[in-house]
Amino acid sequence: MKKYHYFSPIILQKIGYIVFFILHKLFVRIEIRGKENLEGLNKPIIFASNHTSELDVTAISIIYPFFSNFFPVYYVAASSEVFKTFGWRNYIYGGIFFNLLGAYCVYSGFKDYAVSLQDHINLLKAGNSLFIFPEGKRTTNGYLSPARGGLGYMVHTTGVSVVPITIDSFYGITFWEYFTRQVKVVITILPVMKKDEVINVQNPSVEDFRAGSQKVMDRIGKELNK
């Protein structure tokens, strides 16, 4: 069985917590709402959010209390092939660097969730926290994209509940806007969704998995449209 990093994600995520808590509070005027919805929750748990920018990941760790037992939080990352189009970032995205941070890429090209998400299923079965962007990619126009089926599959396979999270929003923010405090970002933690709220059929199909993931995105979208 594959060994997963444990101590390096905790250490690096706590360092990131301190760094980005200070930066985001100083410059973005970030606000975290709904922390009460984390009370009483235990691992394993899945956190799922809309994806507005590469900055999203830098803000996720600060939604939890610093000494939260949710750490380390593992991440579902896009396949390593995707990052080959990222220019210079290709050298730091994916692979061992991501693993040390707690992110594991999906295995692409198999058209089989059991294979593509095997690392993430194992992490959940081992009692860990997992974070996923159900859309599978960053928004290109500021609007939500349809959900992919990976989240629904993981919920069905493991029975783990989902905490939807809204990020409103790092989309389109420029370097100048960030450091001149022109943008306020609100992150909202929504009430947990149990398995039956996501997947409620006995023998779900691929379409059922997508529909389950979409239910989570619909909850996120409803909050964003308030």
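Criteria and thresholds
- Residues numbered from 1 in each chain as written.
- Predicted model: local features only at pLDDT ≥ 70, side-chain atom pairs only at ≥ 80, totals over all residues.
- Heavy atoms only, no water.
- Helix = DSSP H or I, 4+ residues; strand = E, 2+ residues; numbered from the N terminus.
- Contact = heavy atoms within 4.5 Å.
- Areas by Shrake-Rupley, 256 points an atom, 1.4 Å probe, with all protein chains shown as cover.
- Lys, Arg positive; Asp, Glu negative; His and termini not counted.
- Charge placed at Lys NZ, Arg CZ, Asp CG, Glu CD.
- Axes fitted to C-alpha atoms, helices over the stretch in contact; angles between N-to-C directions.
- Parallel < 35°, antiparallel > 145°, perpendicular 65-115°, else oblique.
- Left-handed = near helix turned anticlockwise from the far one by under 90°.
- Core = buried A, V, L, I, M, F, W, Y, C linked by side-chain atoms within 4.5 Å.
- Buried < 20%, exposed > 50% of the residue type's maximum accessible area, 1.4 Å probe, protein only.
- Phe/Tyr/Trp six-rings, centres within 6.5 Å; stacked < 30°, edge-to-face > 60°.
- Salt bridge = Lys/Arg side-chain N within 4 Å of Asp/Glu carboxyl O.
- Patch = residues over 30% accessible without salt bridge, like charges linked within 9 Å, V, L, I, M, F, W, Y side chains within 5 Å.

Peer 1: Looking at this structure, I do not really get the overall build of the protein. What am I missing?
Peer 2: Within the protein one finds 9 helices and 7 strands. Across its three principal directions, the C-alpha atoms of the protein cover 50 × 40 × 35 Å. For the protein, long-range pairs separated by at least 24 residues make up 79% of all intrachain contacts whose partners lie at least 6 apart in sequence. Accessible surface, the protein as shown: approximately 11600 Å² in total, 58% of it carbon and sulfur. Positive and negative charge centroids in the protein, built from 24 and 17 side chains respectively, lie 4 Å apart.

Peer 1: What is the right way to read the packing of helix α5 (residues 118-125) against helix α6 (residues 150-158) from this model?
Peer 2: To describe two helices that pack against each other, one gives the angle between their axes and the distance between the axes. α6 packs onto α5 with a crossing angle of 40 degrees between their chain directions and a minimal axis gap of 10 Å. Relative to α6, the element α5 lies oblique. Judged by the sense of rotation from one axis to the other, the crossing of α5 with α6 is right-handed. Residues His-120, Ile-121, Leu-124 and Lys-125 of α5 form the contact with α6, whose participating residues are Tyr-153, Met-154, Thr-157 and Thr-158.

Peer 1: How should the nonpolar core be read in this particular structure?
Peer 2: Nonpolar side chains in soluble globular proteins generally cluster together in the buried interior. Ranked by size, the top nonpolar core spans 33 residues in total, and within it Phe-47, Tyr-64, Phe-131 and Ile-187 carry the most contacts. Looking at this core, the elements with two or more residues in it are α1 (7-28), β2 (45-49), α2 (56-60), β3 (73-77), β4 (103-105), β6 (162-168) and β7 (186-189). For Phe-47, the residues in contact, after removing those within four places along its chain, are Leu-38, Tyr-64, Phe-70, Ser-129, Leu-130, Phe-131, Ile-132, Val-163 and Ile-165. Counting 26 residues, the second-largest nonpolar core is a separate cluster that includes Tyr-4, Leu-130, Val-160 and Met-217.

Peer 1: Please clarify how the packing of aromatic side chains should be interpreted in this entry.
Peer 2: Aromatic ring pairs: the centre-centre distance and the angle between the two ring planes describe each pair. The final tally for this structure, using the stated rule, is 20 aromatic pairs. Ring centres of Tyr-17 and Phe-21 lie 6.2 Å apart, and the angle between their planes is 10 degrees; this geometry places the pair in the stacked category. On the criterion of helical spacing, the pair formed by Tyr-17 and Phe-21 is a turn pair, its members being 4 residues apart in helix α1. Taking relative accessible area as the criterion, Tyr-17 reaches 10% and is therefore assigned buried. Given the relative accessible area of 35%, Phe-21 is considered partly exposed.

Peer 1: I'm lost on the pattern of salt bridges in this one. Help?
Peer 2: Where charged atoms from two side chains of opposite charge come close, those side chains can pair. In total, this model carries 5 salt bridges according to the counting rule given. The partner of Glu-31 in a salt bridge is Arg-33, with the nearest N and O atoms 3.0 Å apart. Between Lys-184 and Glu-31 there is a salt bridge; the shortest N-O distance is 2.8 Å. Separated by 153 residues along the polypeptide, Lys-184 in the loop between α7 (175-179) and β7 and Glu-31 in strand β1 (residues 31-33) bring together distant segments of the chain. Lys-184 sits in the partly exposed class, given a relative accessible area of 42%. Members of the salt-bridge network, linked through shared partners, are Glu-31, Arg-33 and Lys-184.

Peer 1: Just checking my understanding: could you explain a nonpolar patch on the surface for this structure?
Peer 2: Among the surface-exposed residues, Tyr-6, Phe-7, Ile-11, Leu-12, Ile-15 and Val-19 lie close enough to one another that they form a single nonpolar patch of about 580 Å² accessible area. Assignment of secondary structure puts Leu-12 in helix α1.

Peer 1: Explain α5 to me, please; I cannot follow it from the model alone.
Peer 2: Note: α-helices contain 3.6 residues per turn, so residues at a spacing of three or four share the same orientation. Listed in full, the buried residues belonging to α5 are Asp-119, His-120, Ile-121, Leu-123 and Leu-124. On the buried face of α5, the contacting elements are β2, β3, β4, α4 (113-116), β5 (129-132) and α6. Phi turns positive one or two residues past the end of α5, at Gly-127, with a value near 90 degrees.

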